[in-house]
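Architecture and fold: a report
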Amino acid sequence: MSPSLLGILIMCAGVLCLALGDAISKWLGATYDPIQIIFFRTLISLPLIALLARFNGGWQKLKTRRPGVHLLRGLIFAGTMFCFVTGLTLLPLAETTAIAFAAPLFVTLLSGPLLKERVERLPFIASLVGFAGVLVVVRPGAAGFQWGALIVVGAAVCYALMMITARRYGGKESLWAMVFYATLVPLIVSAMLLPNVWRMPEGAAWLGFIGSGIFGVGAVSCITLAFRYAPAALAAPFDYTAMVWAVLLGWWLWDEVPDIWVFIGALVIIGSGVAIALYERQVAIKARPTT
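In the annotation of an unreviewed UniProt entry, the protein chain is listed under the name DMT family transporter and assigned to Chromohalobacter moromii.

For the pair helix α3 (residues 67-90) and helix α4 (residues 93-100), interaxial distance at closest approach is 8 Å and the crossing angle is 145°. As for how α3 packs across α4, the hand of that crossing is right-handed. Of the residues in α4, those touching α3 at Phe84, Gly87 and Leu88 are Leu93, Thr96 and Ala100. A class-by-class count of the residues in the contact of α3 with α4 yields four nonpolar, two polar and no charged.

Structurally, Tyr240 can be placed in the loop between α10 (232-235) and α11 (242-254). Exposure remark for Tyr240: the relative accessible area of 10% places this residue in the buried category. In this structure, the C-alpha to C-alpha distance between Tyr240 and Ile270, residues 30 residues apart in sequence, is 6.7 Å.

Here α11 is 13 residues long and its end C-alpha atoms lie 17 Å apart, about the 18 Å a rise of 1.5 Å per residue gives. Regarding α11, the residues found buried are Ala242, Met243, Ala246, Val247, Leu249 and Gly250. Just downstream of α11, Asp255 is the residue with a positive phi angle, here 55°.

The tally for this structure, following the rule as stated, stands at two salt bridges. Residue Glu256 pairs with Lys26 through a salt bridge whose shortest N-O separation is 3.5 Å. Note that Glu256 is positioned in the loop between α11 and α12 (260-287) and Lys26 in helix α1 (residues 3-29), a separation of 230 residues in sequence. This pair shows no difference in class: Glu256 is buried, exactly as Lys26 is. Salt-bridge contacts for Arg66 lead to Glu173; the nearest nitrogen and oxygen are separated by 3.4 Å. In this pair, Arg66 sits in the loop between α2 (34-54) and α3 while Glu173 sits in the loop between α7 (147-169) and α8 (175-193), placing the two residues 107 residues apart along the sequence. In this structure Arg66 comes out as partly exposed when scored by relative accessible area, which is 26%.

The rules behind these values
- For every chain, the first residue of the written sequence is number 1, and numbering continues from 1 along that sequence.
- Reporting of local features is limited, given that this is a predicted model, to residues whose pLDDT is at least 70; pairs of side-chain atoms are given and counted only at 80 or more, and all residues count toward the totals for whole chains, interfaces and linings.
- No hydrogens and no water enter the side-chain calculation; it runs on all heavy atoms of the structure.
- Angles shown run from 0 to 180 degrees and are taken between the N-to-C directions of axes, each axis being a line fitted to C-alpha atoms and, for helices, limited to the stretch in contact.
- The helix and strand labels rest on DSSP assignments: H or I over at least four residues marks a helix, E over at least two residues marks a strand, and numbering proceeds from the N terminus.
- Crossing handedness is read from the near helix: turned anticlockwise from the far helix by less than a right angle, it gives a left-handed crossing, and turned clockwise, a right-handed one.
- The criterion used for residue contact is that any of the two residues' heavy atoms lie within 4.5 Å.
- Asp, Glu, Lys and Arg are counted as charged, while Ala, Val, Leu, Ile, Met, Phe, Trp, Tyr, Cys and Pro are counted as nonpolar; the rest, among them Gly, fall into the polar class.
- Relative accessibility decides the category of a residue: with a 1.4 Å probe and only protein chains considered, values under 20% of the type maximum give buried, values over 50% give exposed, and everything between is partly exposed.
- Every helix has an expected span of 1.5 Å times one less than the residues it contains.
- Definition used for salt bridges: Asp or Glu carboxyl oxygen within 4 Å of a side-chain nitrogen of Lys or Arg.

If you want it as structure tokens, here you go:
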């Protein structure tokens with residue numbers, strides 16, 4: 001098996017972990033507050049992330065000289081998680097997933113003002129087309145419009161800011177430090193708010209909380225490993241396989257069948273994201289030094 005194919009398969013496994021974690025969070029959200037879901041998810045994920053760091057370079061991988069940056073990223077990630085989990089409780093799983101795909105499009109548009117990067121014409125146009133796809137899914141002003149869709153858009157914006165800060169500081173901080181502190185801050189924030197929303201888990205809910213954390217770490221690990229075997233521009237588009245899992249899980253668990261507009265909008269968003277990824281791949285190839 002070629003390294004690129006292995007990377008793609010690992011990427012798909014990571015995306016499946018994400019979809020399963022989201023489905024569990026949606027199921028828990030019918031009974032428990034998003035703050036409690038975030039608390040348990042980060043509580044279980046954090047020690048697992050620390051162990052992964054330990055076996056991938058040692059504890060020094062968690063050292064940092066930029067605590068302020070990690071605090072900011074952690075607060076942004078806390079907002080991402082809260083908005084996304086809240087959206088899961090309000091919208092069908094496939095619709096929530098489709099809207100969340102807008103995050104890379106926000107990265108393209110925000111990288112100019114925030115990173116002072118030049119946004120080329122093709123990625124800019126692709127981002128605008130992608131936002132048209134978001135509008136098709138959200139349908140503001142239509143009879144089927146739900147405010148939960150705007151909450152998920154907020155999650156996409158927050159996640160885009162996470163990716164932008166990773167691009168800005170990722171070369172100066174270890175990957176595991178970035179992941180560890182981005183998980184630690186939401187854990188602290190949710191723990192502070194937990195007494196206001198606490199409800200004792202019952203029965204299978206304990207397994208749900210544990211599973212959510214494990215699948216979260218599995219997703220991060222697989223996606224990180226995938227990029228070691230396959231080029232980012234080749235592996236990244238397979239992130240969109242999440243839509244397949246979201247449709248299947250939503251139909252199986254909640255009898256959710258997305259309408260035609262969700263599928264059309266999702267295809268537009270996915271097409272825009274793939275176009276941007278392919279463009280960035282071509283730019284990277286042209287930038288390689290020739291011998």
